[in-house]
Amino acid sequence: MGCFVSTLQETGGNRRRPGNIGEVSVFVPGLRIPKPVDFSLALGDHLSKTLVERLSALRTRIVVMAGQEAPTITRTRRKTATQHGGSTLADLLQALEDYFPVLLGLVKDGSTLQHKGQFIWVNQEDDAEETAMFSAWYEVLSVLHLMATLSLSQANLLLLPRTSLDGYSPKVSEESRRSSVDIFLKAAGYLDCAVRNVLPQLPAEQRRNLPVDLAEGVLRALCLQALGQAVDIQLGLAIDSTKATLAVKRRLACEMVKYWQQAQDNIMNLPLSNGWGEKHRLFVKWKYIEAKASAYYYHGLILDEGNTEKSHGMAVAALQAADEYLKESKKACEAFNASIPLSRNPPLWGTMKYLAEKIPKDTSSKVRINRDLYSYEKIMETAPTLPDFALALKPDEYQLPHVDASWDDETYRQGTV
């Protein structure tokens, strides 16, 4: 079946590439934007006029909102909440949630209606500007990806430091940090559902022809980086807590390394060559290096609690590794921000504000005490292996919603479909 069309355009088209996306605490992929679908032409002979019109109205609402708001959602805006507590992001998410149960009627019980409509979405990380498929499962996958992207954008807005009323340096409130963890887990749940429950519904040929934005590796990487950033927030909260032990902080830092390593493994060999794709890859690389700085720092502090010369030497090696990874992470951060679309760091806060001060100071102190300096190459060869902890944080268990009740009494002509 002729299931897909990918369009590559040199200029113009509908892809929107902002030159600068402002401050970034959380990487948000460029929004994939849906293009209009004529449901009456595709489904008018098979479904009631009422249901066709409802599908059309719900999807058109998303097309209009996404098309109008994508440029402003992509660019950082700190003041998006309305006086009623709503936001552009929340409104678009709600529109997707309203559409989802009605859309799923097209794939109910393996209905061949799923192949009738051609769904077109504008890509961001793929070389092809847009991809069209005669597949309602492709539409389901695209909706889940957009829901996850919007959630990551919500988390980014929550984690941008705000100037405090007491005149101190900008900071992120504990409430915002805790809320962001819930949002990260929700985004991870959407992506996990996409990988486990939706991708398997697509035939092998269609899966091969998906844009790289929706490739399994990209979906898994986004899921893992959402979990990695959630652990980063948990580590920051532990640092602020007088009750959290060094062992707890080390465990969180080591788990964070594993999440980011797995995220990097998933996108390493994908053709993420254009603007958004390359920026995505650079973000994962930066955060992976940053996580290793955190993990080696806390591992070094715990090793230093030992009473032997060997443990002290290993502690110095771990702390020097942390210091080198910290320096390397700053270069990786600069490379990320310099890639198109341009971005910048918000004022330093949380885990990295603390560690950017503590790692150089504590490393210098321990080196002076031990008088055992190593070259960079020697450090990386002799730095002790990080402990291997089981990953504790899991995505929310998101389930596809039940098919909307409007399908219950629908007597479409299956025999002619």
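Here, the structure is the one placed above.
Residues numbered from 1 in each chain as written. Predicted model: local features only at pLDDT ≥ 70, side-chain atom pairs only at ≥ 80, totals over all residues. Heavy atoms only, no water.

Student: Whenever I open this one, the environment of His299 confuses me. Can you help?
Tutor: In this fold, His299 is placed in helix 9 (residues 275-303). The class of His299 is buried, set by a relative accessible area of 6%. Sequence separation between His299 and Lys249 is 50 residues; the distance between their C-alpha atoms is 9.2 Å. Among all residues touching His299, those that are not within four sequence positions of it are Arg250, Pro384, Thr385, Leu386 and Pro387. (Helix = DSSP H or I, 4+ residues; strand = E, 2+ residues; numbered from the N terminus. Buried < 20%, exposed > 50% of the residue type's maximum accessible area, 1.4 Å probe, protein only. Contact = heavy atoms within 4.5 Å.)

Student: I would appreciate a short explanation of the pattern of salt bridges in the present structure.
Tutor: Should their charged atoms come close, side chains of opposite charge can pair. Under the criterion given, the structure shown has 19 salt bridges. For the salt bridge of Asp323 with Lys327, the shortest nitrogen-to-oxygen distance reads 3.5 Å. With Asp323 and Lys327 both in helix 10 (residues 309-338), this residue pair falls 4 residues apart, about one helical turn. Its relative accessible area of 13% is what places Asp323 among the buried residues. According to the relative accessible area criterion, Lys327 is partly exposed, its value standing at 43%. (Salt bridge = Lys/Arg side-chain N within 4 Å of Asp/Glu carboxyl O.)

Student: Just checking my understanding: could you explain the nonpolar core for this structure?
Tutor: Most often, soluble globular proteins keep nonpolar side chains buried together rather than apart. In this structure, Phe39, Leu43, Tyr99, Phe100, Leu106, Leu141 and Phe184 are the most contacted members of the largest nonpolar core, which totals 134 residues. Beyond its immediate stretch of four places on either side in the chain, Leu106 contacts Phe39, Leu43, Leu47, Leu55, Ser111, Leu113, Gln114, Phe119, Ala136 and Trp407. (Core = buried A, V, L, I, M, F, W, Y, C linked by side-chain atoms within 4.5 Å.)

Student: Please clarify how the pairing of strand 5 (residues 130-133) should be interpreted in this entry.
Tutor: Within a regular strand, side chains alternate between the sheet's two faces. Side chains of strand 5 alternate between two faces, with Glu130 and Ala132 and Thr131 and Met133 buried alike. By the bridge criterion, 4 bridges tie strand 4 (residues 119-122) to strand 5 in an arrangement that is antiparallel. Across the sheet, the residue bridging to Val122 is Glu130, located in strand 5. (Pairing = 2+ DSSP bridges.)

Student: How do you make sense of the pairing of strand 4 when you look at a structure like this?
Tutor: On strand 4, burial covers both faces: Phe119 and Trp121 on one face and Ile120 and Val122 on the other are all buried. Pairing of strand 3 (residues 33-34) with strand 4 involves 2 bridges; the strand directions are antiparallel. Of the residues in strand 4, the one forming a bridge with Pro34 is Trp121.

Student: Just checking my understanding: could you explain unusual backbone geometry for this structure?
Tutor: Leave glycine aside and you will find that most residues have negative phi; peptide bonds, for their part, are mostly trans. Pro341 follows Ile340 through a cis peptide bond whose omega is -5°. Of note, Pro341 is situated in the loop between helix 10 and strand 6 (342-344). Non-glycine residue Asp109 carries a positive phi angle of around 55°. With respect to the element layout, Asp109 can be found in the loop between helix 3 (88-103) and strand 4. Overall, the relative accessible area of 74% leaves Asp109 in the exposed class.

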